[in-house]
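# Descriptive analysis of the structure
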Amino acid sequence: MLRYVIKRLIGIIPILFFVSIFIFLFVHLIPGDPARLVAGQDATLQDVEVVRQELGLNQPIHIQYFNFISGIFQGDVGSSIKTGRPVFDEIASRFMPTFWLTFWSMIWAVMVGLLIGVISATKRNKWQDYLGMFGAVSGISMPSFWMGLLLIQVFAVQLGWLPVGGLESWQSYILPSITLGSGVAAVVARFSRSSLMDILKDDYIRTGRAKGLNEHKVVWGHGLKNAMIPVVTMTGLQFGFLLGGSIVIETVFSWPGLGRLLIDSVAFRDYPVIQAEMLLFALEFILINLIVDLIYGFLNPQIRYD
Amino acid sequence: MTEKMLEITNLKTYFHGDDGVVKAVDGVTITVNKGETVGVVGESGCGKSVTSLSVMRLLHDTPGEIVDGSITFEGKSLLDLSEKEMRMIRGNEIAMIFQEPMTSLNPVYKIGKQLEEVIKLHLHYDKKEARNHAVNMLKLVGLPRAEDVVNEYPHQLSGGMRQRVMIAMAMACNPKLLIADEPTTALDVTIQAQILDLMRKLRDESERSIMLITHDLGVVAEMCDRVVVMYAGEVVEEADVLSIFENPKHPYTKGLLGSVPKLGQDLEKLDSIPGNVPTPANMPKGCKFAPRCEFAMDVCWKKDPSLLATNGNHTCRCWLYQDQEKILEV
Ligand SMILES: Nc1ncnc2c1ncn2[C@@H]1O[C@H](COP(=O)(O)OP(=O)(O)OP(=O)(O)O)[C@@H](O)[C@H]1O
Ligand SMILES: [Mg+2]
């Protein structure tokens, strides 16, 4: 098991290397000129050239890539073109708010989604099922900016219970994580419902009942662990996705996270920040995949690590 | 006076499908006395499994429903018990072994946990006692390395071993009635013989009643005291095992016996019954076996015969053995 994890972790290095090439090319293909943006609109062509030289953007692209990579190996991912601060600091200060927002959103979304999914599956075609699936369809189809604005309007503006935006205290997490998690909860609910419904037809479920177990033990004890296997993959993907920071939600709630950092830096053609951030997303996805695989093994003993 | 353990009377279990009602079990009456092994035989789809699931009231998550009849176990009417009372009986007083050993164990839990679960539930043993009992049960059913097997997962065991685990699980709380639904069908021939030996041993050691479902008459001959022959959701013949083999009455039973290969017989000459079990959509109006019966008379197409005693305890559902006057009436 430990050997497997180490092997997978070593395997990350070549993957990231290839990913970095794509990211680098992709970022430099964004139309626009950062030198022009730094120098300002009324700078002369010469000024722009000077800035370009300072930023190292006049060098051939493969040299720029080489500088970028060797920087990474020296633990230096460069500085932001826009603010001049080290890219590492820029990202680090934005990572935690996004991480915790994602984390809390996922926690409630998975719990609520599972609960709805299990209830819907066990009360198939009864009112609980219809209610649950109505909620799930609404959760999936409601645009998050609209839901966010609605929540702000009611709970922040009118009732004044919660902050309108920004990140000041734990209360600041409530509205954004409801908004962010509702889509996930809906997907988890639908996924776990259909997965559990299939599982409940399996022979070992009948065995459980034939033993005299009550429905609660049959469903939560014997059904759910099996039904979780596909749900975990989906949840992992969602988690990786949200860790990139939701641009819409961070904008609506003025959240100081990675999503807003990304649009800001794209708007400014802040190459080093964009590159580092995209590389971070790739790394997050790879790590979450690894964690998903490990949970898989925990859920399904037929999977062996070697 | 023989004591009755299980009495199924006029049981009707119907499935409500998209295209109408499937009368999987349509008026079945079976009695299992104390200490007796009753074989239930019949072709695939005749309602054997549905009958046994009805006794256990295990039709959850199926469109099936018991619409009529009664099931009495030790004088208690099972159909009148609450779900909670029924749970005290399942796995405890009536246990069941299923047709599908490969899929009847939960793939994500260890064997020990799955066995201990039923032991703790009904015998109220603590963890250690339950583990001991589980290991002993596995030894009883002849599993080698019982101490290791409790820590293994189902996929690490072969089909025969899994069926032994299922038997151990069924026997764990020393049930008064064991329902074995084709316990050997899914297994290799050699393993089949071993499992049957085991079941015979377990039967001989106690006064247990067994309802043994099978479509293998060889198994019946080896194991059973009495035989119930089912066809298309009905009982067509019932007798003690000797009478069935020596003096079968119903043309269907004769056909079944004809299709058992005997030693020295050429396999190609095997008498299989021509035709198929009628589908629910074109269920014959009269006797359900008439379309396949070489003795079918006019009356057979018009009216379903009733199950009547021919002599003593030998009953048969066939116009050939019913009163001539009744036939004339039709
Ligand atoms: N879950 C179900 N849903 C709908 N119909 C069912 C279901 N289970 C059984 N049936 C119907 O009940 C009939 C009897 O099935 P049953 O499983 O009792 O047959 P069987 O005698 O056990 O056959 P086999 O020897 O193949 O096990 C079948 O024809 C089938 O159409
Ligand atoms: Mg069956």
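Residues numbered from 1 in each chain as written. Chains lettered and ligands numbered in written order. Predicted model: local features only at pLDDT ≥ 70, side-chain atom pairs only at ≥ 80, totals over all residues. Heavy atoms only, no water.

When helices and strands are tallied, chain A shows 13 helices and zero strands. Moving toward the C terminus, one meets the helices and strands of chain A in the order α-α-α-α-α-α-α-α-α-α-α-α-α. Principal-axis analysis of the C-alpha atoms gives chain A an extent of 85 × 55 × 30 Å. Going through the 306 residues of chain A one by one, you find that 47% of them count as buried. For chain A, contacts bridging at least 24 residues in sequence account for 73% of all contacts bridging at least 6. On chain A, roughly 15,800 Å² of surface is accessible, and the fraction owed to carbon and sulfur atoms is 69%. Side-chain charges in chain A split into 22 positive and 21 negative, and the spacing between the mean points of these groups amounts to 17 Å. (Helix = DSSP H or I, 4+ residues; strand = E, 2+ residues; numbered from the N terminus. Buried < 20%, exposed > 50% of the residue type's maximum accessible area, 1.4 Å probe, protein only. Contact = heavy atoms within 4.5 Å. Areas by Shrake-Rupley, 256 points an atom, 1.4 Å probe, with all protein chains shown as cover. Lys, Arg positive; Asp, Glu negative; His and termini not counted. Charge placed at Lys NZ, Arg CZ, Asp CG, Glu CD.)

If you look at the biggest cluster of nonpolar residues, it comprises 99 residues, and the most contacted ones within it are B:Leu6, B:Ile30, B:Leu78, B:Ile94, B:Leu138, B:Ile167 and B:Ile179. Per-element accounting of this core gives the leading share, eight residues, to helix H6 (residues 159-171) of chain B. Two domains each provide a minimum of three residues to this core, namely domain 1 (1-93 + 176-264) and domain 2 (100-174) of chain B. Residues in contact with B:Leu78, not counting those within four places in the same chain, are B:Val55, B:Arg57, B:Ile71, B:Phe73, B:Met86, B:Ile89 and B:Ile94. In this structure, A:Tyr204, A:Val231, A:Met234 and A:Ile249 belong to the second largest nonpolar core, which totals 43 residues. (Core = buried A, V, L, I, M, F, W, Y, C linked by side-chain atoms within 4.5 Å. Domains from an automatic or database assignment.)

Interfaces are often sized by the accessible area lost when the parts come together. The domains assigned to chain A are domain 1 (2-73) and domain 2 (96-256). Put simply, the middle of domain 1 of chain A and the middle of domain 2 of chain A, counted by C-alpha atoms, are 38 Å apart.

All names here are of chain B. Read across the open sheet, the eight strands follow the order S6-S7-S8-S3-S9-S10-S12-S11; overall the sheet is mixed. Two strands lie at the open edges of the sheet, namely strand S6 (94-97) and strand S11 (308-311), each paired on one side alone. In this sheet, neighbouring strand axes are inclined to one another by 20° on average, regardless of whether the strands run parallel or antiparallel. Pairing of strand S9 (residues 226-231) with strand S10 (residues 234-240) involves six bridges; the strand directions are antiparallel. Along S10, the bridge assignment pairs Arg226 with Asp240. (Pairing = 2+ DSSP bridges. Axes fitted to C-alpha atoms, helices over the stretch in contact; angles between N-to-C directions.)

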